[in-house]
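Listed here are the chains, written in short residue letters.
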Number of protein chains: 2
Amino acid sequence: MSTQTANTTVRAYAAKEQGQTPEPWQYQPRQPRPDDVSIEVLYCGVCHTDIHFVENDWGMTNYPVVPGHEIIGRVTAVGEQVTQFKAGDMVGVGCLVDSCRTCSSCDNGLEQYCSQGVWTYNGVDRHDGKLTYGGYSESMIVSDRFVVHLPDQLDPAAAAPLLCAGITTYSPLRYVGVKPGDKVGVVGMGGLGHMGIKFAKAMGAEITLFTRSAGKIEEGKRNGATHVVVSSDADQMQRAAGTLNYILDTVPVEHDLNPYLSCLAVEGKYLLVGQLTPLNPPIEALPMILGRRAIMGSAIGGMPETQEMLNFCAEHGISCDIEMLDIRNIGEAYERMKRSDVRYRFVIDLATLKGDGQA
Amino acid sequence: MSTQTANTTVRAYAAKEQGQTPEPWQYQPRQPRPDDVSIEVLYCGVCHTDIHFVENDWGMTNYPVVPGHEIIGRVTAVGEQVTQFKAGDMVGVGCLVDSCRTCSSCDNGLEQYCSQGVWTYNGVDRHDGKLTYGGYSESMIVSDRFVVHLPDQLDPAAAAPLLCAGITTYSPLRYVGVKPGDKVGVVGMGGLGHMGIKFAKAMGAEITLFTRSAGKIEEGKRNGATHVVVSSDADQMQRAAGTLNYILDTVPVEHDLNPYLSCLAVEGKYLLVGQLTPLNPPIEALPMILGRRAIMGSAIGGMPETQEMLNFCAEHGISCDIEMLDIRNIGEAYERMKRSDVRYRFVIDLATLKGDGQA
């Protein structure tokens, strides 16, 4: 069936109030529009952002919140204006489901920088003003512009986190033009960091992983790092000083950037994708000035680049290292993520939602 | 005479101890080397850095210090290996008089980022280990690589500050590729800021000046700014939000960058050339991430780019606005500079040194 059908209730997992572990919930989806793609969700990665929204860490959560923005599914129907997708196609949806489509960012395929962007969950639909609900759900309806094709070569479950953790690290590395011979540092080896290592390596760079834990040295090398620097070891940090063309910092909590900045070579660029809070302690200006060094922020990626990233993964055999999750264990997964106890991403098998006794 | 001659004592102005106003002093110059250019100093701009060194604000001054790194002079003799200069040529010398000449920065004409760079004053000569002395002096001996040609079209006195204030603002604007139609903000309108306005305008940009003083609005427009934003006016700052492709921040003291950063458009770049102290209060990460915005440091410019900058000035009729200074009044000039009471650069007429009763 490739025509849109009337909606029935959608089963999902939602946190209904601050800090509540997501639990079974149902909602009435919107009527499909002519540009919409209806998707049966098969897999959904669990991002730290999900926890931040469930716990209202950023003070902007509207409840109930259905988290999930690393989504792989199968198309069940498409609207009459949709030409690039058909029922049966395997597709992905990431952090965004809409944008203004008229600003210069949208014109340039940089929908993530549109000031009217609509997040996949906890966003507000531009047409009906209702909250958007994410991928902890059996199905979704998404405008075709914000849907990407999943290449056949990619494992659907392992590809889910590419829609956030993947594109978040791919985009800045691509933007600055990482190329063979470049020396790239990666700070942190979680969901984002381990993807950053894989991408930079596939782009031909030599990777230096910075980690707080000496226990991650072997693991870092297995993931593709040539050098692993334990950041608490002053001698190791000193030896890395001034050596790197780029540093991708994936650490999601407040930390001191200055020791890492000192590892940039002249004209090096520091790519900040994880920390959303102010850069405290203050950044030292002198090393930036006496070396034309830069700090750049970057958020996920635009839709054309998200498709490019998936194609790149298919070409280079890259996917995320995941642990499959029964959605009924989402609370335990959140607790383990808070302890960094996952290698490297939980991915919900949505079959477990359908089998959990609801409806 | 174009052959090097034995040295006689050089008359200069030096601060002999911390905070002492520079006063007459003499020193024995080094013997010229085969790559050296001997220069009669005619004009020397007075940079804030001179005051910082005289007062040992950065804790690294070796006394006596002969300040001055915005130098215009006439060649009196050249060494046997010198092919690009001859006696009688009008030349400039900036902040650097030597570097390692073998690192990748030197190979790329980015001598200012060489870790072995030798500052024009208070540096240490790589050959004889002696202190270098700057342009508050009747003559200098400088290796030809660090000497530039003064185009005939430029007024020698007004060109002196181009060697520091000029290149410091030209280099980052050129590096990021300012082009017609770009919107460029300039923070501060002193020696650096007023040059930044002129350069960005000559590159075709539309200029927004940020100033703390409503009294500078007309002056800013005379200098080439299309818009002048009084930074203490929240409404004006709000209207500027998200509008600028680049911001050149020339303020030399600690200040909050965040209000200016919010004026950058998506993918905007913040060019930091003035503040050497840590970026306190802390930089907000979120606006950087949600707009791929960057902060980049930049220091003066390399020797090829310094020549390019002077040629650009000649082509576009650009020079520094200056106030001529009798070197005997250097103390008063320093006091006025501390009050920002100069439009926009003092330039010492070294004829006043020769006429001051020494020798």
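What you see is a predicted model, and the numbers here were worked out from it, not measured in a lab. (Residues numbered from 1 in each chain as written. Chains lettered and ligands numbered in written order. Predicted model: local features only at pLDDT ≥ 70, side-chain atom pairs only at ≥ 80, totals over all residues. Heavy atoms only, no water.)

**Here's the deal with unusual backbone geometry**
Here the bond from Tyr63(A) into Pro64(A) is cis, since omega is -5°, no more than 30 degrees from zero. Here Pro64(A) shows up in the loop between helix 1 (48–54) and strand 4 (71–78). A cis amide bond links Asn280(B) to the next residue, Pro281(B), at an omega of 0°. Turning to its location among the elements, Pro281(B) is positioned in the loop between strand 14 (264–272) and helix 9 (285–289). Within the chain, Glu267(A) stands out as a residue other than glycine whose phi angle is a positive 65°. Inspection of the secondary structure assignment puts Glu267(A) in strand 14 (residues 264–272). (Helix = DSSP H or I, 4+ residues; strand = E, 2+ residues; numbered from the N terminus.)

**Structural notes on helix 5 (residues 191–202) of chain B**
Residue and element names in this part refer to chain B. Relative to the 16 Å expected for 12 residues at 1.5 Å per residue, helix 5 spans 17 Å between its end C-alpha atoms, a close match to the ideal helical length. Across the 12 residues of helix 5, 10 count as buried, placing the element largely inside the fold. Of the residues making up helix 5, those classed as buried are Gly 191, Leu 192, Gly 193, His 194, Met 195, Gly 196, Ile 197, Lys 198, Phe 199 and Ala 200. Phi turns positive, to about 105°, at Gly 204, one or two residues after helix 5. (Expected span 1.5 Å × (residues − 1). Buried < 20%, exposed > 50% of the residue type's maximum accessible area, 1.4 Å probe, protein only.)

**Here we look at the interface of chain A and chain B**
For an interface, size is often stated in terms of accessible area lost upon the parts coming together. Opposite the 34 residues of chain A that make contact, chain B presents 33 residues. Between chain A and chain B, the buried area comes to about 2,900 Å², and carbon and sulfur atoms account for 66% of it. The largest per-residue losses of area from chain A upon contact with chain B belong to Tyr113(A), Ile289(A) and Arg292(A), which jointly make up 25% of the total buried on that side. The tally of links between chain A and chain B comes to zero salt bridges. Between the two partners, chain A and chain B, sit nine residue pairs in polar contact (both at pLDDT 80 or more). Elements supplying a minimum of two residues to the side of chain A that touches chain B: helix 4 (165–176), strand 14, helix 9 (285–289) and strand 15 (294–297) of chain A. Here the side of chain A that touches chain B is composed, by residue class, of 21 nonpolar, eight polar and five charged. Here strand 15 of chain A pairs with strand 15 (residues 294–297) of chain B via three bridges, running antiparallel. (Contact = heavy atoms within 4.5 Å. Buried area = accessible area lost by both parts, 1.4 Å probe. Salt bridge = Lys/Arg side-chain N within 4 Å of Asp/Glu carboxyl O. Polar contact = N/O pair within 3.5 Å; in protein donor to acceptor, adjacent residues only side chain to side chain. Nonpolar A, V, L, I, M, F, W, Y, C, P; charged D, E, K, R; others polar. Pairing = 2+ DSSP bridges.)

**Quick look at the relation of the copies chain A and chain B**
Mapping one chain copy onto the other needs a rotation about an axis and a shift along that axis. Its rotation angle being 180°, the transformation that places chain A on chain B also includes 0.0 Å of axial translation and leaves an RMSD of 0.0 Å. On the angle and the small slide along the axis, the relation comes out as a two-fold axis. Most of the interface of chain A is mirrored in chain B: 97% of its interface residues are interface residues there too. (Least-squares fit on C-alpha atoms with pLDDT ≥ 70 in both.)

**Observations regarding the environment of Tyr133(B)**
Residues and elements named next belong to chain B. Within the element layout of this structure, Tyr 133 appears in the loop between strand 7 (118–119) and strand 8 (139–143). As for Tyr 133 and Ala 205, which are separated by 72 residues in sequence, their C-alpha atoms are 38 Å apart. Sequence-distant contacts of Tyr 133, that is, excluding residues within four places in its chain, are made with Trp 25, Tyr 27, Pro 64, Val 66, Thr 120, Tyr 121 and Met 140.

**A look at the side chain of Gln112(B)**
Residue and element names in this part refer to chain B. Here Gln 112 shows up in the loop between helix 2 (104–107) and strand 7. For Gln 112, the side chain forms a polar contact with the main-chain nitrogen of Gly 302, separated by 3.0 Å. For Gln 112, the contacting residues outside a window of four places in its chain are Leu 96, Ala 299, Ile 300, Gly 301 and Gly 302.

**A short note on the domain arrangement of chain A**
Residues and elements named next belong to chain A. Partitioning chain A into structural domains gives domain 1 (10–164 + 301–307 + 320–354) and domain 2 (166–297). Using only C-alpha atoms to locate each centre, domain 1 and domain 2 end up separated by 28 Å. Counting residues at the interface gives 13 residues for domain 1 and 17 residues for domain 2. The largest per-residue losses of area from domain 1 upon contact with domain 2 belong to Cys 164, Glu 305 and Tyr 344, which jointly make up 43% of the total buried on that side. Here domain 1 and domain 2 share two salt bridges between them. On inspection of domain 1 and its partner domain 2, the count reaches 12 residue pairs in polar contact (both at pLDDT 80 or more). Split by residue class, the side of domain 1 that touches domain 2 holds seven nonpolar, two polar and four charged. (Domains from an automatic or database assignment.)

**Some words on the pairing of strand 5 (residues 90–93) of chain B**
All names here are of chain B. Pairing of strand 4 (residues 71–78) with strand 5 involves four bridges; the strand directions are antiparallel. Of the residues in strand 5, the one forming a bridge with Arg 74 is Met 90. Sheet topology note: the strand 5/strand 9 (residues 148–149) ladder contains two bridges and is antiparallel. By the bridge assignment for strand 9, Gly 92 is matched with Val 148.

**Description of the packing of aromatic side chains**
Under the criterion given, the structure shown has 18 aromatic pairs over all chains. Seen in terms of ring centroids, Trp25(B) and Tyr27(B) are 5.7 Å apart; in terms of plane orientation they differ by 25°. Their pairing is stacked. On the basis of relative accessible area, Tyr27(B) is assigned to the buried category, the value being 11%. With a centroid separation of 5.4 Å and an interplanar angle of 80°, the aromatic rings of Phe53(B) and Tyr121(B) are classed as edge-to-face. A residue pair is termed long-range when its members are at least 10 positions apart, and Phe53(B) in helix 1 (residues 48–54) and Tyr121(B) in the loop between strand 7 and strand 8 qualify at 68 residues. There is no split in this pair, since Phe53(B) and Tyr121(B) are both buried. Clustering of aromatic rings is evident, with ring pairs tying together Trp25(A), Tyr27(A) and Tyr133(A). One Lys or Arg, Arg292(A), reaches over the ring of Tyr175(B) and ends 3.6 Å from the middle of that ring. (Phe/Tyr/Trp six-rings, centres within 6.5 Å; stacked < 30°, edge-to-face > 60°. Lys NZ or Arg CZ within 6 Å of the ring centre and 35° of its normal.)

**Notes on helix 11 (residues 330–338) of chain B**
Burial in helix 11 of chain B covers these residues: Ile330(B), Gly331(B), Ala333(B), Tyr334(B), Arg336(B) and Met337(B). Immediately beyond the C-terminal end of helix 11 of chain B, within one or two residues, lies Ser340(B), with a positive phi of roughly 55°.

**Considerations on the packing of helix 4 (residues 165–176) of chain B against helix 5 of chain B**
Residue and element names in this part refer to chain B. Running from amino to carboxyl end, helix 4 crosses helix 5 at an angle of 45°, the nearest separation of the two axes being 8 Å. Relative to helix 5, the element helix 4 lies oblique. Relative to helix 5, helix 4 is oriented so that their crossing is right-handed. In this structure, helix 4 contributes Ala 165, Gly 166, Thr 168, Thr 169, Tyr 170 and Leu 173 to the contact, and helix 5 contributes Gly 191, Leu 192, Met 195, Gly 196, Phe 199 and Ala 200. Among the residues making up the contact of helix 4 with helix 5, the classes are represented as seven nonpolar, five polar and no charged. (Axes fitted to C-alpha atoms, helices over the stretch in contact; angles between N-to-C directions. Parallel < 35°, antiparallel > 145°, perpendicular 65-115°, else oblique. Left-handed = near helix turned anticlockwise from the far one by under 90°.)

**Quick look at the environment of Ile72(A)**
All names here are of chain A. Here Ile 72 lies in strand 4. Classification of Ile 72 by relative accessible area gives buried; the value is 0%. Residues Ile 72 and Thr 250, 178 residues apart in the sequence, show an inter-C-alpha distance of 23 Å. When near neighbours in sequence (up to four residues on either side) are disregarded, Ile 72 contacts Glu 40, Val 41, Leu 42, Tyr 43, Met 90, Val 91, Gly 92, Leu 150, Pro 156, Ala 159, Ala 160 and Leu 163.

**Description of the pattern of salt bridges**
Under the criterion given, the structure shown has 50 salt bridges over all chains. Where Lys16(B) meets Glu23(B), a salt bridge forms, and the shortest distance between an N and an O atom there is 2.7 Å. With a closest N to O distance of 2.8 Å, Arg336(B) and Glu323(B) form a salt bridge. A residue pair is termed long-range when its members are at least 10 positions apart, and Arg336(B) in helix 11 and Glu323(B) in strand 16 (residues 322–326) qualify at 13 residues. On the accessibility criterion, Arg336(B) (17% relative accessible area) is buried. Taking relative accessible area as the criterion, Glu323(B) reaches 27% and is therefore assigned partly exposed. Salt bridges sharing partners connect three or more residues here, namely Arg30(A), Arg33(A), Asp36(A) and Asp125(A).

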